[in-house]
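One-letter residues, chain by chain:
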Amino acid sequence: MVMMSLLRTLTLLAGTSYAFQTSRSVIKMSTITGPKNIVIIGGGIQGTSVAFQIAESPSLPAGSTITILEANKIASAASGKGGGFMARQWGDGSSTQTLHELAFDMYEELCPKLGVESYRKLPVLSVSPGGNKTGKQDNKSKNKQLSDIFPSWLDGSIGRVSPLGFGDDTAQVTPKEFVEKMLAYANQPGKPGVKVVIGKCTGIECTSGDNGDKVVTAVTYQDGGEEEQKVLQADDVIVSAGPWTCQAENWFDGAIQLPMEGVKSTSIVWKSPAGDDTVDGTALFCGENEKFGTHLEVYPRPDGTVYICGIGGSDYITTSELQDSAFLFDCQPKADRVEAAAAAFTMMSHTFKSRGELDRTQACMRPCPPDALPFM
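Quantities reported herein were computed from a predicted structural model and do not represent experimental measurements. (Residues numbered from 1 in each chain as written. Predicted model: local features only at pLDDT ≥ 70, side-chain atom pairs only at ≥ 80, totals over all residues. Heavy atoms only, no water.)

Looking now at the overall build of the chain. A count of helical and extended segments in the chain gives nine helices and 21 strands. Here the chain has a C-alpha radius of gyration of 23 Å; the compact-globule value for 376 residues is 21 Å, and the two agree. For the C-alpha atoms alone, the extent of the chain along its principal axes is close to 75 × 40 × 40 Å. For the chain, with 376 residues in total, the buried portion stands at 52%. Considering only intrachain contacts with a sequence separation of at least 6, the fraction spanning at least 24 residues in the chain is 74%. Summed over all atoms, the accessible surface of the chain reaches about 16,800 Å², with 48% contributed by carbon and sulfur. Put simply, the chain has 33 plus and 43 minus side-chain charges, and the middle of one group is 6 Å from the middle of the other. (Helix = DSSP H or I, 4+ residues; strand = E, 2+ residues; numbered from the N terminus. Rg over C-alpha atoms; globule rule 2.2 N^0.38 Å. Buried < 20%, exposed > 50% of the residue type's maximum accessible area, 1.4 Å probe, protein only. Contact = heavy atoms within 4.5 Å. Areas by Shrake-Rupley, 256 points an atom, 1.4 Å probe, with all protein chains shown as cover. Lys, Arg positive; Asp, Glu negative; His and termini not counted. Charge placed at Lys NZ, Arg CZ, Asp CG, Glu CD.)

With that settled, the discussion passes to the pattern of salt bridges. As enumerated under the stated definition, the model contains 13 salt bridges in all. A salt bridge links Arg355 to Asp276; its shortest N-O distance comes to 3.2 Å. Note that Arg355 is positioned in helix H9 (residues 350–355) and Asp276 in the loop between strand S16 (261–270) and strand S17 (283–286), a separation of 79 residues in sequence. (Salt bridge = Lys/Arg side-chain N within 4 Å of Asp/Glu carboxyl O.)

What follows concerns the sheet that holds strand S6 (residues 85–87). Strand order in the open sheet formed by three strands is S6-S10-S7, and the pairing between neighbours is antiparallel. Taken across any chain shown, the strands that pair with only one partner, and hence form the sheet edges, are S6 and strand S7 (120–121). In this structure, S7 lies alongside strand S10 (residues 170–172), joined through two bridges in antiparallel fashion. Paired with Arg120 across the bridge in S10 is Gln172. Where helix H4 (residues 97–114) meets the sheet, its contacts fall on S6, S7 and S10, and the angle it forms with S6 comes to roughly 120 degrees. (Pairing = 2+ DSSP bridges. Axes fitted to C-alpha atoms, helices over the stretch in contact; angles between N-to-C directions.)

This part covers the packing of aromatic side chains. Throughout the structure, instances matching the rule amount to 13 aromatic pairs. Geometrically, the ring pair formed by Trp153 and Phe352 is edge-to-face, given 6.2 Å between the ring centres and 90 degrees between the ring planes. Of this pair, Trp153 sits in the loop between helix H5 (139–142) and strand S9 (158–165) while Phe352 sits in helix H9, and the two are 199 residues apart along the sequence. Per residue, the accessibility class of Trp153 equals that of Phe352, and both read buried. Taken together through their ring pairs, the aromatic side chains of Phe85, Trp90, Phe285, Tyr299 and Tyr307 make up a single cluster. (Phe/Tyr/Trp six-rings, centres within 6.5 Å; stacked < 30°, edge-to-face > 60°.)

Tracing the chain through its elements places Thr207 in strand S12 (residues 200–208). In this structure Thr207 touches Asp213, Lys214, Val215 and Thr217, once residues within four positions along its chain are discounted.

Moving on: the packing of H4 against helix H6 (residues 175–186). Relative to each other, H4 and H6 sit at 60 degrees, their axes nearing to 10 Å. Comparing the axis directions of H4 and H6 gives the class oblique. The two elements H4 and H6 cross, and the hand of that crossing is left-handed. For the pair formed by H4 and H6, the contact residues are Tyr107, Leu110, Cys111, Lys113 and Leu114 on the first element and Phe178, Lys181, Met182 and Tyr185 on the second. Its residues assigned to classes, the contact of H4 with H6 shows seven nonpolar, no polar and two charged. (Parallel < 35°, antiparallel > 145°, perpendicular 65-115°, else oblique. Left-handed = near helix turned anticlockwise from the far one by under 90°. Nonpolar A, V, L, I, M, F, W, Y, C, P; charged D, E, K, R; others polar.)

Along any regular strand the residues' side chains alternate between the sheet's two faces. Most of S16 sits out of view: nine of its ten residues are buried. Here S16 runs beside strand S21 (residues 358–368); their pairing, made up of ten bridges, is antiparallel. Looking at S21, one finds that Val263 is bridged to Arg366. By the bridge criterion, three bridges tie S16 to strand S20 (residues 315–317) in an arrangement that is antiparallel. Bridge assignment links Val263 to a residue of S20, and that residue is Tyr316. The pairing of S16 with strand S19 (residues 306–309) spans three bridges and is antiparallel. Residue pairing for S19: Ile268 is matched across the bridge by Ile308.

The first and last C-alpha atoms of H4 sit 25 Å apart over 18 residues, in line with the 26 Å expected at 1.5 Å per residue. Those residues of H4 not exposed but buried are Gln97, His100, Ala103, Phe104, Tyr107, Leu110, Cys111 and Leu114. Phi for Gly115, located one or two positions after H4, is positive at around 75 degrees. (Expected span 1.5 Å × (residues − 1).)

Quick look at helix H8 (residues 335–348) now. With 14 residues, H8 extends 20 Å from end C-alpha to end C-alpha; this agrees with the ideal 20 Å at 1.5 Å per step. All of the buried residues in H8 are Arg337, Val338, Ala340, Ala341, Ala342, Ala344, Phe345, Thr346 and Met348.

What follows is about the environment of Pro35. Here Pro35 is to be found in the loop between strand S3 (26–28) and strand S4 (37–41). Classification of Pro35 as partly exposed rests on a relative accessible area of 48%. In sequence terms Pro35 and Val237 are 202 residues apart; their C-alpha atoms lie 14 Å from each other.

Attention now moves to the confidence of the model for the chain. When pLDDT is averaged along the chain, the result is 89; 91% of the residues meet or exceed 70. Scored below 50 in pLDDT, residues 1–25 shows 94 contacts in the model against residues more than four places distant or in partner chains. (pLDDT = per-residue confidence, 0-100.)

A few words on the packing of helix H2 (residues 45–56) against H4. The N-to-C vectors of H2 and H4 enclose an angle of 70 degrees; their axes lie 14 Å apart at closest approach. Taken together, the axes of H2 and H4 lie roughly perpendicular to each other. Listed contacts from H4 to Ile45, Phe52, Gln53 and Glu56 of H2 are Met106, Tyr107, Leu110, Lys113 and Leu114. Looking at the contact of H2 with H4 residue by residue, the classes come out as six nonpolar, one polar and two charged.

This is the structure:
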């Protein structure tokens, strides 16, 4: 869910008010008050959001530079392959509840400002898999109390259906578009701008300050397969590299520990059915389908495509593997889970079974801290 990008995408903020204590020293950011060189490591929805908000801040000193250092390409991981569903009232009441609600409200405010076309409010249904009926089913007539939000394409074999939301506090956005639109807005003439550099961070450079303190001065990185180390001057550094943020344990001289697992999951995207330019915009949360090992989440998008996750068969990637850049550049979907998801979905939708076609299959990594809370 995109609303959780603020929460699920691990963010390590190392700003002027932060210092990391080690057994040997304290690592600090620069205390300069003039123009700053700000580097954000990670070009997903979280890192780009941080860059955007800094660029828009009236407190940004004139002449400052903002640079995103991204190892692969902008929104290349979960931010480019996420479903983009959000629900304001579906929080669990934990310490992140306020952020959960704030994120929902911010998307509603920012998407029109940025010209994001994929944002909209939409209703949500809970659907239980059921039956072995064949052919097209008139499920809408069987659920007359939900006729206003029941999608016409849900015309296959299904079980019980109930509402989860009517579109007042449930919404969607395509994360990749949101990332791209933030960058485009921030780089308009007359604005501070956000530069994107493609390269993999290899470390943080520091100089010795008073009392043995270390002051951050630069970020080092490698460009593509080149072994040569390049340098970005930095007075402030923000690490927001999703599950790979745990690599920062090696960048800050042992000052921090970032226990982390990655969750590698497959998702699929369907084209709109042949002959249809759009599909009814109702999202589905489906119960466990034991036959296919799925618990599908189905998100029709305004462009007529349908995004599906909840496919099952996710893999858990260890901290040490992530520190070795596991799946950073190549993250392939599981063919058997693609097949299972397609079979489960087309059993529920005769429309997509008879006239549908897969647009793409994909996989991505999501960060999973031990307590599921963000590092800040």
